[in-house]
Structure formats: structure tokens, C-alpha cells
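# Structural overview for review
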Amino acid sequence: MRVAVLSPDLELTLEERDRPTPAADEVVVRMRSIGICGSDVHYYEHGRIGDYVVDSPLVLGHESAGEVVAVGEDVDDARVGERVTLEPGVPCRRCEHCSRGEYNLCPDVTFMATPPDDGAFAEYVAWPADFAYALPDGVSLDEGALVEPLSVGIHVARRANVGVGDSVLVTGCGPIGLLAMEAVRAAGATEVVISDVVPEKLTLAEERGADLTVDVSEEDLVAAVDEATDGRGVDVVIEASGAPPAVQSAFDAVRRGGSVVLVGLAPDGEMPFDTNEIIDNELDVFGSFRYRNTYPAAIDLLADGAVDVAGIVDFEAGLDDVDAAFRRAQEPETVKGMIRLDGE
Ligand SMILES: NC(=O)c1ccc[n+]([C@@H]2O[C@H](COP(=O)([O-])OP(=O)(O)OC[C@H]3O[C@@H](n4cnc5c(N)ncnc54)[C@H](O)[C@@H]3O)[C@@H](O)[C@H]2O)c1
Ligand SMILES: C[C@@H](O)[C@H](N)C(=O)O
């Protein structure tokens with residue numbers, strides 16, 4: 001089978017590898033749709049994210065969906081032919097965090113496309129059957145792949161306890177910001193302000209229902225939020241850009257007693273902000289890391305038509321064109337590229 005492999009010298013090329021066979025508790029999935037995530041592009045450009053370094057060949061991709069073509073001996077044969085999305089992080093199932101149900105914090109997680117764990121840009125992937133979720137008929141394989149970034153958004157909304165009638169500011173109109181916007185809308189937020197520095201992305205956010213968009217390269221975000229909320233501030237801020245200036249504005253734009261969720265990762269891990277402001281205004285500040293127990297909810301939301309994920313895809317490409325697709329994904333206007341293996 002063909003697999004797209006990133007080498008330590010950052011060449012992304014197709015290789016022939018043996019098709020996987022399933023372990024007893026696994027399914028083998030013929031991949032159909034695989035999204036290109038910002039972290040894939042980061043590995044492609046820099047060969048590392050923090051301490052995770054591409055020092056041996058790595059298969060990228062962790063937003064994936066396809067069809068089950070084989071099952072291990074402990075898995076029901078009826079699953080062959082099922083359309084599934086794969087949850088890319090499989091925890092150890094034994095540690096304290098797994099026991100508490102907070103399995104996204106498991107230190108021994110296997111996470112696709114995070115060195116040294118291979119990902120999904122391959123014709124076939126073997127994966128634990130309980131981390132392969134069936135997709136209902138009305139949910140497409142592209143949507144199935146995008147359950148992953150939608151899950152990041154759902155976890156963010158849950159962390160901040162977003163509720164009916166809340167006003168929310170999202171900083172950053174990448175896939176995470178846009179899908180966090182979907183998640184908070186589904187949770188009942190009635191007013192969503194979103195910011196970015198790329199006009200095309202703000203236009204997309206407006207088309208997708210943002211009540212107010214703010215180009216922070218031209219406008220003062222805090223003044224815009226003040227004006228929109230009569231000086232009160234928003235109930236919740238979701239920082240989804242990873243841009244250090246956006247973090248301080250998150251604390252300035254939230255109302256007294258409100259919540260700030262940090263999901264964007266600072267390039268160097270440094271995010272300066274005024275801690276007195278958190279104390280004086282009694283803010284709740286949350287970190288949000290990946291997700292847990294979100295796949296069933298995300299699939300239900302998609303099946304109900306309560307969220308739109310497919311609308312963030314701006315181009316598709318075949319596996320043969322994966323390198324060109326990654327180069328296109330680097331352009332600032334691109335939100336999401338999708339690798340499709342249809343009919344190949
Ligand atoms: N915590 C987690 O579990 C988790 C999961 C996935 C991604 N992330 C992180 O979340 C962030 C967003 O991910 P993404 O895939 O959407 O990335 P992205 O790069 O596609 O989107 C970030 C957006 O922020 C915009 N931006 C830049 N400066 C800004 C500013 N000052 N104010 C507002 N917007 C600004 C960019 O133009 C871009 O549109 C990244 O830092 C990523 O590493 C975290
Ligand atoms: C959660 C996932 O989307 C993210 N890119 C990560 O690797 O953590």
C-alpha cells in the first residue's frame with residue numbers, strides 16, 4: 001500500500017509498505033478522507049513541535065475516516081464495510097488519568113502523527129476497534145475526518161461550561177477557532193465575536209454566522225468587544241490563535257467573573273499576561289488539551305445537522321499530490337485541505 005512519509009530531512013514522499021493486519025482488538029480501515037492539520041504542517045515545515053522531534057520517518061495525519069475492510073478475532077465481523085472515523089489518541093487505559101475518565105491526559109497515549117507514532121496518510125490503517133466510531137448514513141467521510149478538530153472545539157466549550165445565552169469571543173479563525181464557534185453555538189451561545197488578521201478568514205467566519213468579526217491588524221479588539229457589549233465584556237473568551245497578543249486581549253475582553261479558555265499553543269510556550277487582572281476580576285482560566293469522550297457527541301451533532309464542518313474545507317487533493325497539498329496548506333488564507341483517496 002502507499003503511505004506518505006515525512007523524513008527527518010523534511011521530504012514528504014510516497015512509499016510502498018505492507019498492508020497492516022489487525023491485532024485481535026483492531027479493525028483495518030481503508031482510508032478515504034484525511035484532513036491536513038496545522039500540526040502536520042508544522043512538522044512538515046520545522047520537523048518538531050516542542051519536544052516531539054521527527055528524528056525517524058513519520059507518517060503524518062490524524063483527522064481520518066474510511067471504511068472497515070478487516071477485523072481482528074475479538075471484533076464483530078459485522079463491522080466489515082462500516083464507515084468510521086478514527087479517534088487518533090489511544091490511551092493506556094490503566095493509569096490514574098484513564099481511570100478518572102480524563103484519558104486525554106494519559107502520559108502514555110499513542111497519538112497519530114506525533115513522533116514516534118505514525119498517522120493516517122496511508123491507504124490502510126489498523127486501529128483499536130473501540131476508537132473507530134461508526135458514521136451514520138447522513139454523515140460524509142470528510143465530515144467524519146473533521147470530527148477530530150470539531151472534538152477540540154467541543155472540549156473547549158465543555159471546559160468553559162458555555163451555556164444558553166452566553167456571549168463568546170473566539171480569537172483565531174483557523175479550523176480550531178471556527179469549529180469552536182460551531183461547538184459554542186451548539187452549546188447555546190447566542191453572541192459570537194471572532195478575530196483574526198487574515199481578511200479572507202474573517203469573511204468566512206462571517207458567512208458561517210459570526211455576529212461580529214474583528215481584524216486585529218486594523219482594529220482594537222477590546223474596544224470592539226466593549227462597544228458590542230456596552231462595556232461589560234463577553235462571558236467567555238476562547239483563545240484559539242496561539243498569538244501572544246491575543247492572550248492579553250482575552251483577559252481584557254472577558255467580563256468580570258467570566259472564563260478564558262486557552263487552546264492555542266504559543267510558538268515558544270511563552271504567553272505574558274497580567275495575573276492581577278485574573279485575581280481582581282475573579283476570572284476562571286482553563287487550559288484545554290485535545291479532547292475526551294467527544295466523538296459520539298460530535299457525530300450526533302453532525303447527524304442532526306447542528307454543526308457545519310465541511311464548509312471549512314477549501315481544497316481537496318489525492319494522496320499522489322500530498323506534497324503539493326501541504327505546500328498549499330501553508331498559505332495563510334488556507335483553512336483546511338483534505339486528502340481524498342476516493343477511487344484510487
Ligand atoms: N490545545 C489543543 O488541544 C490544540 C489542538 C489543536 C490545535 N491547537 C492549537 O490551537 C491553535 C489554532 O489551531 P489551528 O489549527 O486553527 O491553527 P491556524 O494556524 O490554522 O489558525 C490560527 C489563526 O489565528 C490567526 N491569528 C494570528 N494572529 C492572531 C491574532 N493576534 N489574533 C487573532 N487571530 C490571529 C491566524 O491568522 C490563523 O487564522 C494553534 O496554536 C494550535 O497549535 C491546540
Ligand atoms: C489534538 C490535535 O488536533 C493536535 N493537533 C495535537 O496533536 O495535539
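Residues numbered from 1 in each chain as written. Chains lettered and ligands numbered in written order. Predicted model: local features only at pLDDT ≥ 70, side-chain atom pairs only at ≥ 80, totals over all residues.

Here we come to the site of ligand 1. What surrounds ligand 1 is a group of 27 residues, the closest being Gly38, Gly172, Gly174, Gly242 and Ala243. Of all the secondary structure elements, the ones that give two or more residues to the shell around ligand 1 are α5 (175-186), β14 (191-196) and α8 (244-253). Among the elements that take part in the shell around ligand 1, α5 stands out by supplying three residues, more than any other. Of the residues assigned to the shell around ligand 1, the class counts are 14 nonpolar, ten polar and three charged. (Near = placed C-beta within 6 Å. Helix = DSSP H or I, 4+ residues; strand = E, 2+ residues; numbered from the N terminus. Nonpolar A, V, L, I, M, F, W, Y, C, P; charged D, E, K, R; others polar.)

Turning our eyes to something else, we now look at the sheet that holds strand β6 (residues 58-59). Overall, antiparallel pairing links the three strands, which are arranged β2-β1-β6 in an open sheet. Pairing within the sheet leaves two strands with one partner each, and these edge strands are β2 (12-16) and β6. Sheet analysis places strand β1 (residues 2-6) next to β6, joined by two bridges and oriented antiparallel. Bridge pairing in β6 places Val5 opposite Val59. (Pairing = 2+ DSSP bridges.)

Moving on, we get to the site of ligand 2. The local shell around ligand 2 consists of Cys37, Ser39, Thr114, Glu148, Val152 and Arg290. Per-class residue counts for the shell around ligand 2 are two nonpolar, two polar and two charged.

Let us look at the UniProt feature "domain: Enoyl reductase (ER)" (unreviewed entry) in the protein. Under the UniProt annotation, the feature "domain: Enoyl reductase (ER)" (unreviewed entry) is placed at residues 9-339. Summarising residues 9-339: 28% helix, 27% strand, and an end-to-end C-alpha distance of 23 Å. (UniProt positions renumbered as here; feature names shortened; annotations may be inferred.)

Think of interface size as the accessible area that goes away when the parts come together; that is how it is often given. Per the domain assignment, the segments of the protein are domain 1 (2-146 + 309-340) and domain 2 (153-287). One C-alpha centre belongs to domain 1, the other to domain 2, and the line joining them spans 28 Å. Each partner contributes to the interface: domain 1 provides eight residues, whereas domain 2 provides ten residues. Its residues assigned to classes, the side of domain 1 that touches domain 2 comprises four nonpolar, two polar and two charged. (Domains from an automatic or database assignment. Contact = placed C-beta atoms within 7 Å.)

This part covers the nonpolar core. Among the nonpolar cores identified, the biggest contains 102 residues, and Val29, Phe121, Val168, Ala180, Ala183, Val184 and Ile238 are the most heavily contacted of them. Here this core gets eight residues from one element, more than from any other, and that element is α5. Shared between two domains, this core takes at least three residues from each, and those domains are domain 1 (2-146 + 309-340) and domain 2 (153-287). Dropping the residues within four chain positions of it, Val29 is found in contact with Gly66, Glu67, Val68, Val84, Leu86, Tyr124, Val125, Trp127 and Ala132. (Core = buried A, V, L, I, M, F, W, Y, C linked by C-beta atoms within 7 Å. Buried ≥ 20, exposed ≤ 12 C-beta atoms within 10 Å, placed from the backbone.)

Ordered by their spatial adjacency, six strands build an open sheet running β15-β14-β13-β16-β17-β18, and the pairing between neighbours is parallel. Either end of the sheet is taken by a strand with one partner, and the two such strands are β15 (212-215) and β18 (284-287). The mean angle between the axes of side-by-side strands here comes to 15°, regardless of whether they run parallel or antiparallel. (Axes fitted to C-alpha atoms, helices over the stretch in contact; angles between N-to-C directions.)

This paragraph deals with helix α4 (residues 147-159). An ideal rise of 1.5 Å per residue puts 18 Å on 13 residues; α4 measures up with 18 Å between its terminal C-alpha atoms. Counting buried residues along α4, twelve of its 13 residues qualify, which places the element largely inside the surrounding structure. The positive-phi residue at the C-terminal boundary of α4 is Asn161, with phi of around 55°. (Expected span 1.5 Å × (residues − 1).)

In this section: the environment of Arg208. Looking at where Arg208 falls in the secondary structure, it is placed in the loop between α6 (199-207) and β15. On the basis of neighbour counts, which here come to 18 C-beta atoms within 10 Å, the residue Arg208 falls in the partly exposed class. In sequence terms Arg208 and Met181 are 27 residues apart; their C-alpha atoms lie 9.1 Å from each other. Setting aside its immediate chain neighbours within four residues, Arg208 contacts Leu178, Met181, Asp308 and Gly311.

Below, the discussion takes up the pairing of strand β8 (residues 83-86). For strand β7 (residues 63-71) and β8, the ladder comprises four bridges, and the chain directions are antiparallel. Opposite Gly66, over in β8, you have Val84 as the bridge partner.

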